[in-house]
Amino acid sequence: MKLYLHIGLPRTASTFLQNDIFPALDNVRYVHPKSQANRTIGELLTDQNPDWEGLKLLKETTKSSNTVLASNEGF
């Protein structure tokens, strides 16, 4: 699996990308910033201990695609 992270800086059109562009990409599983799976990715990136439910959800969310894109200004 390939995991791509989009970390948007202020005033760089992140909201437009998250709402209009990323969901329309073919063959990419997009993980929206407000999803539990996205929060779990953030916890893993910052060495916090994600809960087991979040990890199970992340596994289910990402197993349907070889390419995953997560976007969050808070990463």
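For the structure, see preceding data.
Cut-offs and rules
- Residues numbered from 1 in each chain as written.
- Predicted model: local features only at pLDDT ≥ 70, side-chain atom pairs only at ≥ 80, totals over all residues.
- Heavy atoms only, no water.
- Phe/Tyr/Trp six-rings, centres within 6.5 Å; stacked < 30°, edge-to-face > 60°.
- Core = buried A, V, L, I, M, F, W, Y, C linked by side-chain atoms within 4.5 Å.
- Buried < 20%, exposed > 50% of the residue type's maximum accessible area, 1.4 Å probe, protein only.
- Helix = DSSP H or I, 4+ residues; strand = E, 2+ residues; numbered from the N terminus.
- Contact = heavy atoms within 4.5 Å.
- Pairing = 2+ DSSP bridges.

This brings us to the packing of aromatic side chains. In total, this model carries one aromatic pair according to the counting rule given. Arranged with centres 5.5 Å apart and planes meeting at 55 degrees, the rings of phenylalanine 22 and tyrosine 30 form a pair that is tilted.

Our focus in this paragraph is the nonpolar core. The nonpolar side chains of a soluble globular protein tend to be buried, and buried together. Of all hydrophobic cores here, the largest spans six residues; its members are Val31, Ala37, Ile41, Leu58, Val68 and Ala70. For this core, the elements supplying multiple residues, two or more each, are α2 (36-45) and β3 (67-71). Look past the residues within four positions of isoleucine 41 in its chain and what remains in contact with it is Leu5, Leu58, Ala70 and Phe75.

Our next topic: the pairing of β3. Within β3, five of the five residues are buried, leaving the element largely enclosed by the surrounding structure. Where burial is concerned, the two faces of β3 agree: the one with Thr67, Leu69 and Ser71 and the one with Val68 and Ala70 are both buried. Pairing analysis gives five bridges linking strand β1 (residues 2-6) to β3, with the strands arranged parallel. In the strand pairing of β3, lysine 2 is matched with threonine 67. The sheet contact formed by strand β2 (residues 29-31) and β3 spans three bridges and is parallel. Opposite valine 31, over in β3, you have alanine 70 as the bridge partner.

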